[in-house]
Amino acid sequence: MTDHVAYKPDQTAATREIHVRKELGIAAHVMQANGLEIRRIHVQQPALVVVERGSKSVRTDLGICVQATAGQAILLGGNQTLDFTNLLEAGKAYEARWLVFDAALLEDAYYRHRAETLKTTDQSHAPVRLIPEVKDSLRSAYMHAWHALVSGNGIPDAVARQRTLEVLHWLLEEGILLRNPTLIENVTRKVRDLIAQSLDYAWTAERIASELALSEATLRRRLAAEGNTLTDLLVDTRMATALTLLQATTQPVSAIALSVGYESSSRFAIRFRQRFGFAPTSVRGHQRAG
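What you see is a predicted model; the values in this text were computed from it and never measured. (Residues numbered from 1 in each chain as written. Predicted model: local features only at pLDDT ≥ 70, side-chain atom pairs only at ≥ 80, totals over all residues. Heavy atoms only, no water.)

Peer 1: Tell me about the overall build of the protein chain, and please be specific about residues and values.
Peer 2: When you go through the protein chain residue by residue, the secondary structure sums to eleven helices and ten strands. In terms of overall size, the protein chain behaves like a compact globule, its C-alpha atoms giving a radius of gyration of 19 Å where 290 residues would be expected to give roughly 19 Å. In terms of overall dimensions, the protein chain has a C-alpha envelope of 60 × 45 × 40 Å along the principal axes. When each of the 290 residues of the protein chain is scored for burial, the buried share is 47%. The long-range fraction of contacts in the protein chain, counting pairs at least 24 apart against all pairs at least 6 apart in sequence, stands at 74%. Charge separation in the protein chain, taken as the distance between the mean sites of 34 positive and 31 negative side-chain charges, equals 4 Å. (Helix = DSSP H or I, 4+ residues; strand = E, 2+ residues; numbered from the N terminus. Rg over C-alpha atoms; globule rule 2.2 N^0.38 Å. Buried < 20%, exposed > 50% of the residue type's maximum accessible area, 1.4 Å probe, protein only. Contact = heavy atoms within 4.5 Å. Lys, Arg positive; Asp, Glu negative; His and termini not counted. Charge placed at Lys NZ, Arg CZ, Asp CG, Glu CD.)

In structure tokens form, the structure reads like this:
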């Protein structure tokens, strides 16, 4: 068994932001000052979450549940809705790093070739998977990839791509294969994707129906058949993004509210509490969750 290299908390937490590199992935440093249960979060692409402090539990809609403590990791499959519980340790803020793999990266020819020739485990396609021991090889690759995706660090896309692919190859060595999720082209997904392109736009049923080349009646009927409503999708997509911004950036709550379509911070806070059961300020510790 190899010795673990201890994680050091990010010393640049004050300037945290979400870093996105097209066709490569997303890097985010999540911090949370209160222990919270976060229900029904849609995860589009596979992600590897390394817990740095506290603990994280993930539950699928099939009832599968895994828990990771500091130094452990959880691998998430894409295109699923999950419940998360992030808990503190000794009163210190919960911390984790997310590395989300872009769909284009997962189609890399050599990675796919190796995936076909190496034997993967029966759990390789599990919707969630605990990695109880993050070996030094994977840990080092993960941190190099994470920092490579951070904007403004001067690392070219080609280099960042290779570093992120290295994580996938180390996972393959452990018998873990990541695949792009099978996407169902239903109306729910189309509406969610449309809203996500411009969260601060004043979306109406008429506008969304027009963008999807449907009548309003057909749009509502199809969403109902899929167990959704337009209002719920609009709120859910906006609030999920707002939660991520609260956890992984230092933007003021007022700026986050504006970015997801709410000119009034108080109205945003009401919607947020209705969606998650706690106030936006609870994420950063200004007050305890209600």
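Peer 1: Could you give me a rundown of the packing of aromatic side chains, with the residues and numbers involved?
Peer 2: Tallying each qualifying case throughout the model produces seven aromatic pairs. Consider the rings of F84 and W98, whose centres lie 5.9 Å apart with planes at 70°: the pair is edge-to-face. Of this pair, F84 sits in strand β8 (residues 80-87) while W98 sits in strand β9 (residues 94-101), and the two are 14 residues apart along the sequence. Judged by its relative accessible area of 4%, F84 is buried. (Phe/Tyr/Trp six-rings, centres within 6.5 Å; stacked < 30°, edge-to-face > 60°.)

Peer 1: Would you mind going over the sheet that holds strand β10 (residues 128-131) in detail, with residue names and values included?
Peer 2: Strand order in the open sheet formed by six strands is β1-β2-β9-β4-β7-β10, with antiparallel pairing between adjacent strands. Two strands lie at the open edges of the sheet, namely β1 (19-21) and β10, each paired on one side alone. In this sheet, neighbouring strand axes are inclined to one another by 15° on average, regardless of whether the strands run parallel or antiparallel. Of the strand pairs in this sheet, β1 and strand β2 (residues 25-32) are connected by three bridges, and their pairing is antiparallel. Directly across from V20, in β2, lies its bridge partner I26. In this fold helix α4 (residues 157-173) packs onto β1, β4 (47-53), β7 (73-76), β9 and β10, with an angle of close to 105° to the strand it touches most, β9. (Pairing = 2+ DSSP bridges. Axes fitted to C-alpha atoms, helices over the stretch in contact; angles between N-to-C directions.)

Peer 1: Which residues make up the sheet that holds strand β5 (residues 55-60), and what are the values?
Peer 2: Taken together, four strands build an open sheet; the order of strands is β3-β8-β5-β6 and the sheet is antiparallel. Every other strand in the sheet has two partners, leaving β3 (36-43) and β6 (65-69) as the edge strands with one partner each. Taken over all neighbouring pairs, the strand axes of this sheet differ in orientation by 20° on average, direction set aside.

Peer 1: Could you give an account of the side chain of T60, naming the residues involved and the relevant values?
Peer 2: Its location among the elements puts T60 in strand β5. Engagement of the side chain of T60 in a polar contact is seen with the backbone nitrogen of L62, the distance being 3.1 Å. With sequence-adjacent residues up to four places away left out, T60 is seen in contact with Q80, L82, P127 and V128. (Polar contact = N/O pair within 3.5 Å; in protein donor to acceptor, adjacent residues only side chain to side chain.)

Peer 1: Which residues make up the pattern of salt bridges, and what values go with them?
Peer 2: Taken as a whole and judged by the stated rule, the model has 13 salt bridges. In this structure, R39 engages E37 in a salt bridge whose closest nitrogen and oxygen atoms are separated by 3.2 Å. Taking the relative accessible area as the measure of exposure, E37 reaches 33% and is therefore partly exposed. A salt bridge links R59 to D83; its shortest N-O distance comes to 2.9 Å. One end of the pair, R59, is in strand β5; the other, D83, is in strand β8, and 24 residues separate them in sequence. (Salt bridge = Lys/Arg side-chain N within 4 Å of Asp/Glu carboxyl O.)

Peer 1: An account of helix α3 (residues 136-149) is requested, with residue identities and associated values reported.
Peer 2: Under the 1.5 Å per step criterion, the end-to-end length of α3 is 20 Å for 14 residues, consistent within 8% with the ideal 20 Å. Among the residues of α3, L138, R139, A141, Y142, M143, A145, W146, A148 and L149 are the ones counted as buried. In this structure, the buried residues of α3 make contact with β1, β2, β4, β9, β10 and α4. (Expected span 1.5 Å × (residues − 1).)

Peer 1: Report on the environment of S282, specifying residues and quantitative values.
Peer 2: Within the secondary structure, S282 sits in helix α11 (residues 280-284). For S282, a relative accessible area of 0% puts it in the buried group. Measuring from C-alpha to C-alpha, the distance between S282 and L36 comes to 8.5 Å, with 246 residues separating the pair along the chain.

Peer 1: Explain helix α10 (residues 265-276) to me, using residue names and the numbers behind them.
Peer 2: With twelve residues, α10 should cover 16 Å at 1.5 Å per step; its first-to-last C-alpha distance of 16 Å lies within 8% of that length. Among all positions in α10, only F268, F272, R275 and F276 are buried. Looking straight down α10, one finds its buried side chains confined to an arc of 75°; they lie on one side. Opposite the packed face of α10, turned more than 90 degrees from it, sit the exposed residues R267, I270 and Q274. Buried residues belonging to α10 abut β3, α8 (230-248), α9 (253-259) and α11. G277 occupies a position one or two residues after α10 and carries a positive phi of about 90°. (Arc of directions from axis to C-beta.)

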